[in-house]
Amino acid sequence: MQSIEIEVKFRVRDLKALEAQLSQLGFRCKTPRTFERNILFDTPARELRGTRQILRLRRYGDRWVLTHKQTTPNDSPDARHKERIETETVVEDGEAVASIFRVLGYTYSFVYEKWRSEWADSEGHCVLDETPIGQYAELEGPREWIDRMLATLLGAWR
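Structural notes, computed from the coordinates.

## Overview of the sheet that holds strand 8 (residues 134-140)
Next, step 1: In space, the 8 strands of this closed barrel follow the order 1-5-4-3-2-6-7-8, with antiparallel pairing throughout. Across the sheet, the axes of successive neighbouring strands diverge by a mean angle of 35°, strand direction being ignored.
Next, step 2: Bridge count for strand 4 (residues 63-71) against strand 5 (residues 82-91) is 8 bridges, and the pairing is antiparallel. Residue pairing in the sheet places Thr67 in a bridge with Glu88 of strand 5.

Here it is as structure tokens:
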């Protein structure tokens, strides 16, 4: 399925406090804390990265998801919101997909792992990531909703 993804990521000091705040704001936990492994593929010359594209194979619990992301004309590396065209599909056998990519000349360009939980309200969603380099949240949805939620969530910590 193809869609326009609009998101903002930010560092989080206290995930439990953020979860409590999300709950108070009417968010519901859609996916509890789940381990995730991500493999980014690219050519040896890093052609996808050079054109700001991502080809990712993700194992999320027992589920494999293949994702391609590319920038939109509205996206800028300096913009507050990231805006990308995202095409995503569930695949049955991620190892087979990885094997096909390698035969086609793609290599693992980056592998990262994290724990993720997903929360949503009626307008958008918030994911909470625990990574080796810190804890992060990502708000995804309409720009106005993202800005409103960001102000509400960050305002509570000031």
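And the narrative resumes.
## Here's the deal with the nonpolar core
Next, step 1: With 18 residues, the main nonpolar core has Leu22, Leu128 and Leu139 as its most contacted residues.
Next, step 2: Considering every element that reaches this core, the biggest residue donor is helix 4 (residues 143-155), with 5 residues.
Next, step 3: Look past the residues within four positions of Leu139 in its chain and what remains in contact with it is Ile6, Glu7, Val8, Phe10, His125, Cys126, Trp145, Ile146, Met149, Leu150 and Leu153.
Next, step 4: In this structure, Phe41, Leu57, Val91 and Val97 belong to the second largest nonpolar core, which totals 11 residues.

## Considering the side chain of Asp42
Next, step 1: Note on placement: Asp42 falls in strand 2 (residues 28-42).
Next, step 2: Arg46 provides the closest opposite charge to the buried, unpaired Asp42, separated from it by 5.0 Å.
Next, step 3: Within polar-contact distance, the side chain of Asp42 engages the backbone nitrogen of Leu48 at 2.8 Å.

## Observations regarding helix 3 (residues 94-103)
Next, step 1: Within the sequence span of helix 3, burial applies to Gly94, Val97, Ala98 and Phe101. Take helix 3 and look down its axis: the buried residues cluster within an arc of 100°, on one side only.
Next, step 2: The residue sitting at the N-terminus of helix 3 and contributing the capping side-chain oxygen is Asp93; that oxygen lies 3.1 Å from the backbone nitrogen of Glu95.
Next, step 3: Directly beyond the C-terminal end of helix 3, a positive phi value near 100° is found at Gly105.

Cut-offs applied
- Residues numbered from 1 in each chain as written.
- Predicted model: local features only at pLDDT ≥ 70, side-chain atom pairs only at ≥ 80, totals over all residues.
- Heavy atoms only, no water.
- Pairing = 2+ DSSP bridges.
- Helix = DSSP H or I, 4+ residues; strand = E, 2+ residues; numbered from the N terminus.
- Axes fitted to C-alpha atoms, helices over the stretch in contact; angles between N-to-C directions.
- Core = buried A, V, L, I, M, F, W, Y, C linked by side-chain atoms within 4.5 Å.
- Buried < 20%, exposed > 50% of the residue type's maximum accessible area, 1.4 Å probe, protein only.
- Contact = heavy atoms within 4.5 Å.
- Lys, Arg positive; Asp, Glu negative; His and termini not counted.
- Salt bridge = Lys/Arg side-chain N within 4 Å of Asp/Glu carboxyl O.
- Polar contact = N/O pair within 3.5 Å; in protein donor to acceptor, adjacent residues only side chain to side chain.
- Arc of directions from axis to C-beta.

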